[in-house]
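Residue strings, one per chain:
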Amino acid sequence: MEQPEFAVVASDGWFDGERHVAGPVTLRVANGKIAEIGAGDHGRVMAAWGLAVHRGAFLMPGLVDAHVHLFLDGGPTDGPTRSAHMKKSVEELTAAARASARQSLDHGVTLVRDAGDKHGINHLIRDEARAATNGLCRVRSGGSGIKRAKRYGAFMAGDVGDDDSIRDSVAQLAADNDEIKIILTGIIDFDAGAVTDEPQFTLDEARLITATAKKHGRQTFAHCSGIKGLRIAANATVDAIEHGFFMDRETLAIMRDNQVAWTPTFCPVHFQWAKPEAVGWSTNTIGHLRRIIDSHAEHLRLAHEMGVTLLLGTDAGSMGVEHGKAMFEEIQRYLEAGLPLSAALQAATANNRRHFGLAPTLTVDADFEANLLAASPFLQSSALAQPPLKTWLAG
Ligand SMILES: [Zn+2]
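Residues numbered from 1 in each chain as written. Predicted model: local features only at pLDDT ≥ 70, side-chain atom pairs only at ≥ 80, totals over all residues.

Moving on: the overall build of the protein chain. In terms of regular secondary structure, the protein chain is built from 13 helices and 16 strands. The C-alpha atoms of the protein chain give 21 Å as radius of gyration, which agrees with the globular expectation for 395 residues (21 Å, within 12%). Going through the 395 residues of the protein chain one by one, you find that 51% of them count as buried. If you take every contact in the protein chain between residues at least 6 apart in sequence, the share linking residues at least 24 apart comes to 69%. (Helix = DSSP H or I, 4+ residues; strand = E, 2+ residues; numbered from the N terminus. Rg over C-alpha atoms; globule rule 2.2 N^0.38 Å. Buried ≥ 20, exposed ≤ 12 C-beta atoms within 10 Å, placed from the backbone. Contact = placed C-beta atoms within 7 Å.)

Before going further, it helps to examine the nonpolar core. Formed by 108 residues in total, the largest nonpolar core has its most connected members in Ile-182, Ala-233 and Ile-241. Structurally, this core is a two-domain feature, drawing no fewer than three residues from each of domain 1 (4–61 + 361–392) and domain 2 (63–348). (Core = buried A, V, L, I, M, F, W, Y, C linked by C-beta atoms within 7 Å. Domains from an automatic or database assignment.)

The subject of this paragraph is the domain arrangement of the protein chain. When its domains are assigned, the protein chain resolves into domain 1 (4–61 + 361–392) and domain 2 (63–348). Inter-centroid distance (C-alpha atoms) of domain 1 to domain 2 is 31 Å. Residue classes in the side of domain 1 that touches domain 2 are distributed as eight nonpolar, four polar and two charged. (Nonpolar A, V, L, I, M, F, W, Y, C, P; charged D, E, K, R; others polar.)

So, on to helix H8 (residues 249–258). Every buried residue of H8 is accounted for by Thr-251, Leu-252 and Met-255. Taken end-on, H8 shows its buried residues confined to a sector of 100 degrees, consistent with a single buried face. H8 presents Arg-249, Glu-250 and Asp-257 as exposed residues on the side facing more than 90 degrees away from its buried surface. In this structure, the buried side of H8 is in contact with helix H7 (227–235), strand E13 (240–243), strand E14 (261–263) and helix H10 (283–306). (Arc of directions from axis to C-beta.)

For the rest of this paragraph, the subject is H7. What H7 keeps buried is the set Gly-229, Leu-230, Ile-232, Ala-233 and Ala-234. Tucked inside the fold, the buried residues of H7 contact helix H6 (203–215), strand E12 (219–224), E13 and H8. A positive phi of about 55 degrees marks Thr-237, the residue just after H7.

Here we take up the sheet that holds strand E7 (residues 109–114). Judged by pairing direction, the sheet is parallel, and its three strands sit side by side in the order E6-E7-E8 without closing on themselves. Each end of this open sheet is capped by a strand with a single partner; those strands are strand E6 (63–68) and strand E8 (138–141). Neighbour to neighbour, the strand axes of the sheet diverge by 20 degrees on average, direction disregarded. Inspection of the sheet shows E7 paired to E8 by four bridges, in the parallel sense. Among the inter-strand pairings, Leu-111 is bridged to a residue of E8, identified as Arg-138. The strands that helix H3 (residues 90–106) touches are E6, E7 and E8; relative to E7, the one it contacts most, it runs at about 140 degrees. (Pairing = 2+ DSSP bridges. Axes fitted to C-alpha atoms, helices over the stretch in contact; angles between N-to-C directions.)

Attention now moves to the pairing of E8. Neither face of E8 is left uncovered, since the one carrying Arg-138 and Arg-140 and the one carrying Val-139 and Ser-141 both have all their residues buried. With helix H4 (residues 121–129) bridging E7 and its parallel neighbour E8, the resulting β-α-β unit is right-handed. (Right-handed = clockwise from strand over helix to strand, strands pointing away.)

Further remarks concern the packing of H8 against H10. At a closest axis distance of 10 Å, the pairing of H8 and H10 adopts a crossing angle of 35 degrees. Between H8 and H10 lies a crossing whose hand is right-handed. Contact with H8, carried on its side by Arg-249, Leu-252, Ala-253 and Arg-256, involves His-299, Leu-302, Ala-303 and Met-306 of H10 and no other residues of that element. Split into classes, the residues belonging to the contact of H8 with H10 amount to five nonpolar, one polar and two charged. (Left-handed = near helix turned anticlockwise from the far one by under 90°.)

Now for unusual backbone geometry. Although it is not a glycine, Thr-237 sits at a positive phi angle of roughly 55 degrees. By secondary structure assignment, the location of Thr-237 is in the loop between H7 and E13. Its identity as a non-glycine residue notwithstanding, His-243 has a phi of 75 degrees, on the positive side.

The next point concerns the pairing of E6. E6 sits mainly inside the fold: six of its six residues count as buried. Sheet analysis places E6 next to E7, joined by four bridges and oriented parallel. Across the sheet, the residue bridging to Leu-63 is Val-109, located in E7.

This part covers the packing of helix H11 (residues 326–336) against helix H12 (residues 341–348). Helix packing for two helices is described by the angle between their axes and how far apart those axes are. Two elements in contact, H11 and H12, have axes whose closest approach is 9 Å; the angle formed by their N-to-C orientations is 140 degrees. On the basis of the axis angle, H11 is oblique to H12. Seen from above, H11 lies across H12 with right-handed handedness. Contacts from Met-327, Ile-331, Tyr-334 and Leu-335 of H11 reach H12 at Leu-341, Ala-343, Ala-344, Ala-347 and Ala-348. A breakdown of the residues in the contact of H11 with H12 according to their chemical character gives nine nonpolar, no polar and no charged. (Parallel < 35°, antiparallel > 145°, perpendicular 65-115°, else oblique.)

Take the environment of Arg-98 next. For Arg-98, the position within the fold is in helix H3. Overall, the presence of 20 C-beta atoms within 10 Å leaves Arg-98 in the buried class. Sequence spacing of Arg-98 and Leu-70 is 28 residues, and the spatial spacing of their C-alpha atoms is 7.5 Å. Here Arg-98 is in contact with Ile-125, Glu-128 and Leu-136, once residues within four sequence places are set aside.

Below, the structure written as structure tokens:
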């Protein structure tokens with residue numbers, strides 16, 4: 001019988017979360033923790049001792065998707081199906097979220113941060129996922145976020161009013177949410193090629209939110225695009241800016257200095273550019289989409305050079321952005337932007353784990369949460385497009 005808590009893994013190459021080693025490695029796992037890491041392939045010796053040995057071409061930490069919506073399904077790309085999904089019962093949406101968490105784990109994603117759902121289904125799946133035997137990825141839950149009445153974000157956030165109402169709502173959400181999600185701006189108007197509405201919160205209000213969240217021991221993350229909102233988010237010291245389209249160098253400098261991380265989420269915009277027929281975009285709008293993606297890539301490269309912490313997240317659940325599968329696509333966007341593969345993988349593993357308070361890398365004494373692949377992504381670019389040979393979820 002296989003005892004994964006006492007496994008041995010021999011791999012031709014590996015990535016510890018920050019560092020790529022091209023040569024073979026052997027890891028011994030005991031009681032779910034990494035007991036020993038040795039250079040070279042010692043699998044045969046360990047097998048002779050009666051230990052179960054798993055072999056593969058490449059070992060890396062479990063992938064972490066920093067931005068998903070579990071209750072949404074990115075698979076169907078036609079408008080009527082997506083609208084009908086939003087009207088389903090909470091039971092049906094919970095089943096959809098469970099399927100998303102299962103699909104994520106099947107693709108080697110061991111942890112996701114759910115970026116908001118108004119029903120709190122993310123909390124429910126977080127609880128179910130605590131038992132590793134359920135076959136679900138682990139969930140860091142953003143619960144329901146906060147927004148202004150009659151403004152964007154009703155599917156993932158509740159309304160707040162004056163300062164007292166902000167304080168009360170944040171305090172209440174902090175009881176169950178792992179993080180507080182702020183809907184700071186609307187979405188991009190692709191026809192206009194810009195974010196056209198005003199931010200939902202002023203700098204003082206955003207500061208009140210981050211300070212209140214901090215008082216209750218919670219991090220904040222802000223849905224935010226467009227330079228007005230980005231300046232507010234960076235100066236209010238949210239812990240992470242999500243999406244962040246229309247970024248500029250000055251804001252990146254503030255983010256670096258204030259230790260504000262960035263989750264760029266290329267996937268949903270890239271899908272709409274790659275498959276404009278799904279929405280029926282005009283040639284003019286397709287041009288806007290390309291320009292927005294190119295500028296986003298340029299600022300991602302700049303952020304990497306300037307030392308802004310990058311969290312890789314896909315916005316899975318958005319149209320055309322499928323849970324689990326989208327990780328490979330988002331990594332491709334990082335590579336297209338000119339980042340080295342090691343930086344993209346670090347954003348998808350160690351950076352996310354550190355940001356969420358977990359041991360960042362595969363080191364001795366760390367919980368063993370890892371993927372064993374049939375090929376090295378450093379040798380074969382499609383290696384991460386296939387589900388791993390094996391995924392270990394920490395107990
Ligand atoms: Zn989102």
